[in-house]
Each structure stands twice: as C-alpha cells, then as structure tokens.
Amino acid sequence: QSLVDLIAQVLDRSPNESQSLEALIQLHRRLLLEQPILRRVRKRRIADKDIVDTAVAAGSFKTLAKALQAADLVQTLKGAGPFTVFAPTDEAFAKLPAGTLDALLQPENKPKLQRILTGHVVAGKVMAADVVKTSSAKAVSGSTLTIASRDGGVTVDGAKVVKTDIAATNGVIHVIDSVILPKDE
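Residues numbered from 1 in each chain as written. Predicted model: local features only at pLDDT ≥ 70, side-chain atom pairs only at ≥ 80, totals over all residues. Heavy atoms only, no water.

The next point concerns unusual backbone geometry. With an omega of 5°, the peptide bond between Gly81 and Pro82 qualifies as cis. Assignment of secondary structure puts Pro82 in the loop between α5 (74-77) and β1 (83-88). Here the phi dihedral of Asp72 falls at roughly 55°; this positive angle occurs in a residue that is not glycine. Tracing the sequence through the fold places Asp72 in the loop between α4 (62-70) and α5. Phi at Asp157 is positive, roughly 50°, even though this residue is not glycine. (Helix = DSSP H or I, 4+ residues; strand = E, 2+ residues; numbered from the N terminus.)

This part covers the environment of Val172. Assignment of secondary structure puts Val172 in strand β7 (residues 171-176). Judged by relative accessible area, Val172 falls into the buried class, the value being 0%. Taking C-alpha positions, Val172 is 5.0 Å from Thr84, a pair spaced 88 residues apart along the chain. Discounting residues that sit within four places of it in the chain, Val172 has contacts with Ile51, Phe83, Thr84, Val85, Lys125, Val126, Met127, Asp165 and Ile166. (Buried < 20%, exposed > 50% of the residue type's maximum accessible area, 1.4 Å probe, protein only. Contact = heavy atoms within 4.5 Å.)

We now examine the nonpolar core. One broad trend across soluble globular proteins is that nonpolar side chains are buried collectively. Counting residues in hydrophobic clusters, the biggest one holds 29 residues, and the most contacted among them are Leu64, Leu68, Leu77, Val85, Leu113, Leu117 and Ile173. Residues within four places of Leu113 in sequence aside, it is in contact with Ala67, Ala70, Ala71, Leu104 and Leu105. By size, the runner-up hydrophobic cluster in this structure holds 13 residues, among which are Phe86, Ala139, Val154 and Ile176. (Core = buried A, V, L, I, M, F, W, Y, C linked by side-chain atoms within 4.5 Å.)

So, about the pattern of salt bridges. Under the criterion given, the structure shown has four salt bridges. The partner of Lys95 in a salt bridge is Asp177, with the nearest N and O atoms 3.8 Å apart. With a gap of 82 residues between them, Lys95 in the loop between α6 (90-94) and α7 (100-104) and Asp177 in the segment after β7 connect regions that are remote in the sequence. Taking the relative accessible area as the measure of exposure, Lys95 reaches 54% and is therefore exposed. We classify Asp177 as partly exposed; its relative accessible area is 21%. Residues joined in a network through salt bridges with shared partners are Asp50, Asp53 and Lys78. (Salt bridge = Lys/Arg side-chain N within 4 Å of Asp/Glu carboxyl O.)

Burial within β1 is extensive, with six of its six residues counted as buried. In β1, alternate side chains face the same way, and those of Phe83, Val85 and Ala87 on one face and Thr84, Phe86 and Pro88 on the other are all buried. As judged from the six bridges shared by β1 and β7, these two strands associate in the parallel manner. Pairing of Phe86 across the sheet is with His174, part of β7. (Pairing = 2+ DSSP bridges.)

Further remarks concern helix α3 (residues 51-58). Buried residues of α3: Ile51, Val52, Thr54 and Ala55, and no others. End-on view of α3: buried residues confined to an arc of 165°, all on one side of the axis. Backbone geometry just downstream of α3 places Gly59 in the positive-phi region, at approximately 85°. (Arc of directions from axis to C-beta.)

This brings us to the environment of Leu105. The residue Leu105 is located in the loop between α7 and α8 (110-118) in this model. For the pair Leu105 and Ala67, spaced 38 residues apart in sequence, the C-alpha to C-alpha distance is 6.5 Å. Among residues more than four places away in sequence, those in contact with Leu105 are Lys66, Ala67, Ala70 and Leu113.

What follows is the structure in structure tokens.
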C-alpha cells in the first residue's frame, strides 16, 4: 500500500474506527521506516552542487564568493577536485581591519588575494572525523595549516570551525569564523 493511500485511509472518516486506527499505526511505521531514506535524499540533493554553488546557495558566503571571483578562482573550485574548503563566513570577513577587504579586492592585489584564498583550500576531501585526527594540513597555497582539537572544538590556524561536512559534488566545506591570513602577513 502506498504512503498516499495510507494517509488517505487515515483521513477517511470511516465509521470503522479500528480500521482507521490500524491505518494510522501503519502510516506511523511507514514514516519511521522512510525517514532515513528521506534524509539520504535530502543530503544527495544538497550534494548536487559544486563547492562554489553550495557556498553561494548557503547565503552566508557572499563575501567569499565575491573574493573568489576577484581572484579568478571560481572555475578552479568548480573543477573536479576533490577539495576541502575552510570557508570564512561574511561575518568572518567583517572582522578584518577596516579597508583590508576593499584593498584585497583591487585588481593590483589579485596575487595576494589568491594566496589568502588558496590558503583556505586543502587538496582532497577531508571530512571532520579526519580533520580532528591531524595536527596540520598542506593548503593549496603551499602554506601549512595548524589544526588543533581541544575542548570539543577544532581550530584551523586559530579560526574556529563552526560547522562541518557540508557536502559538495567536488569536495567538502567546513565553515570557519575568521579569515586565515598567511603567517608572513
């Protein structure tokens, strides 16, 4: 019996209450069985976008998207990957000293912006369960990211990881609360 038929049967105002009660019990069991399937379908739908489109769809990475565009890195992060991106939120970019972001977005500062942004990217798909097992990772920029796990939280070069394992077709995003700047800046 289909889920739609079960719902219709429950909603049916039949004088036979035991039949409606049985239909309600069947509906409840069916929904419980189908919940994991629905969760997997939802996750799969989310993971039908690459890293850039996933970040844009999330709505809290507008500044990152603008910076990626200014640095000509959009097509790279739309590539096959896989990539792990430690993505700073709009609020993370807002923490930068006044004028810093505007200066970085200028065409003459493109190499510097590229270095900063690729410092947030690790080659390969590194899930949160693997991140906590390591103390460092090599960023695409060539710099080494220091990873620390303590008090139930994780930091990457001092930036707190606030959300993990956002799936994309070409990798994974971990959200961070600060922009990671090169150590020599």
